[in-house]
Amino acid sequence: MVSQLNPEQLRIYQAFVDVECNKTQMLFFVHGHRGTGKTFLWRTILSYFRSRGKYVLVVPASGIASLLLPSDRIAHSRFIIHCDLTEKSSSNVKEKTQVAKLIKKNSMNIWDEAPKSDRRCFEFLDKSLKDVLEDDDRLFGGMSIPLGMTSDKYFLFSQEVENHI
């Protein structure tokens, strides 16, 4: 699959490999027009991690996106995010639950079609991951979170943001 990536996809793929090899946290934002190969890129990245025995959760924002990717649940369902979130909503992921165990084994969460989700969903996920991973100092408890979206742009890129908290 890697040999079929175009140069821009290969650059993004290599960034994911580097993050895993260096055990660093990065926040990725990958977007492009329909047909630019985002789904193929996600599948290639998943293959890399899973071939090394790593867990990666794919949590699309909607049911339609979940049909294109190997995912079993949308983000709201996987992380027990309620539809009526407020600024004060707290994590529903409790210690010693199956979801908490899965998060602890997980290497990263790919959130496709991220802009379709309210900002409070990401704030809620941040609180949940900090609780479960017991790391209040880093964004998302130190876990890498690639965010994907479709846009009217005709290119594919990633923005890597190092956590300097």
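Cut-offs and rules
Residues numbered from 1 in each chain as written. Predicted model: local features only at pLDDT ≥ 70, side-chain atom pairs only at ≥ 80, totals over all residues. Heavy atoms only, no water. Salt bridge = Lys/Arg side-chain N within 4 Å of Asp/Glu carboxyl O. Helix = DSSP H or I, 4+ residues; strand = E, 2+ residues; numbered from the N terminus. Buried < 20%, exposed > 50% of the residue type's maximum accessible area, 1.4 Å probe, protein only. Core = buried A, V, L, I, M, F, W, Y, C linked by side-chain atoms within 4.5 Å. Contact = heavy atoms within 4.5 Å. Phe/Tyr/Trp six-rings, centres within 6.5 Å; stacked < 30°, edge-to-face > 60°. pLDDT = per-residue confidence, 0-100. Arc of directions from axis to C-beta. Pairing = 2+ DSSP bridges. Axes fitted to C-alpha atoms, helices over the stretch in contact; angles between N-to-C directions. Parallel < 35°, antiparallel > 145°, perpendicular 65-115°, else oblique. Nonpolar A, V, L, I, M, F, W, Y, C, P; charged D, E, K, R; others polar.

### Some points on the pattern of salt bridges
- Following the criterion strictly, the structure yields six salt bridges and no others.
- For Lys-54, the salt bridge identified is with Glu-20, shortest N-O distance 3.0 Å. Separated by 34 residues along the polypeptide, Lys-54 in the loop between helix H2 (38-51) and strand S2 (55-58) and Glu-20 in helix H1 (residues 7-22) bring together distant segments of the chain.
- By relative accessible area, Glu-20 is classed as buried at 13%.
- Among the salt bridges present, the one from Arg-119 reaches Glu-123, with a minimum N-O distance of 2.8 Å. Residue Arg-119 and its partner Glu-123 are both found in helix H6 (residues 119-133); the two are separated by four residues, about one turn of the helix.
- For Glu-123, a relative accessible area of 33% puts it in the partly exposed group.
- Salt bridges linked by common partners bring Glu-20, Lys-23 and Lys-54 together as one network.

### Considering the nonpolar core
- Core analysis: the largest hydrophobic core is formed by 20 residues, its most contacted members being Tyr-13, Phe-16, Leu-41, Ile-45 and Phe-49.
- Put simply, the parts of the chain that give this core at least two residues each are H1, strand S1 (26-32), H2, S2 and strand S3 (106-110).
- Apart from the residues within four sequence positions on either side, Phe-16 is in contact with Phe-28, Trp-42, Ile-45, Phe-49, Met-108 and Pro-146.
- The next biggest cluster of nonpolar side chains, apart from the first, holds 18 residues, and it includes Val-59, Val-93, Trp-111 and Leu-129.

### Points about the packing of aromatic side chains
- Applying the stated criterion across every chain yields a total of four aromatic pairs.
- Seen in terms of ring centroids, Tyr-13 and Tyr-48 are 5.9 Å apart; in terms of plane orientation they differ by 80°. Their pairing is edge-to-face. Taken together, the positions of Tyr-13 in helix H1 and Tyr-48 in helix H2 put the pair 35 residues apart, joining distant regions of the chain.
- Using a relative accessible area of 9% as the deciding quantity, one classes Tyr-13 as buried.
- On the accessibility criterion, Tyr-48 (9% relative accessible area) is buried.
- An angle of 85° between the planes, with centres 5.2 Å apart, marks the rings of Tyr-48 and Phe-49 as edge-to-face.
- Relative accessible area serves as the criterion here: at 1%, Phe-49 is assigned to the buried category.

### Observations concerning the confidence of the model for the protein
- With 72% of its residues at a pLDDT of 70 or more, the protein shows a mean pLDDT of 76.
- Least confident of the elements in the protein is strand S5 (residues 157-158), whose mean pLDDT is 48; most confident is H1, at 90.

### A short note on helix H5 (residues 98-105)
- All of the buried residues in H5 are Val-99, Ala-100 and Ile-103. In a view along the axis of H5, the buried residues occupy a sector of 100°, so they form one face of it.

### A word on the pairing of S1
- The buried fraction of S1 amounts to six of the seven residues, a majority that puts the element mostly inside the structure.
- As defined by bridge partners, S1 adjoins strand S4 (residues 145-150) across six bridges and the pair is classed as parallel. Bridge assignment links His-31 to a residue of S4, and that residue is Met-149.

### A look at the packing of H5 against H6
- One way to put it is that H5 packs onto H6 with a least axis distance of 10 Å and a crossing angle of 85°. What the angle tells us is that H5 and H6 run roughly perpendicular. In this structure, H5 contributes Ala-100, Ile-103 and Lys-104 to the contact, and H6 contributes Leu-129, Val-132 and Leu-133.
- Of the residues assigned to the contact of H5 with H6, the class counts are five nonpolar, no polar and one charged.

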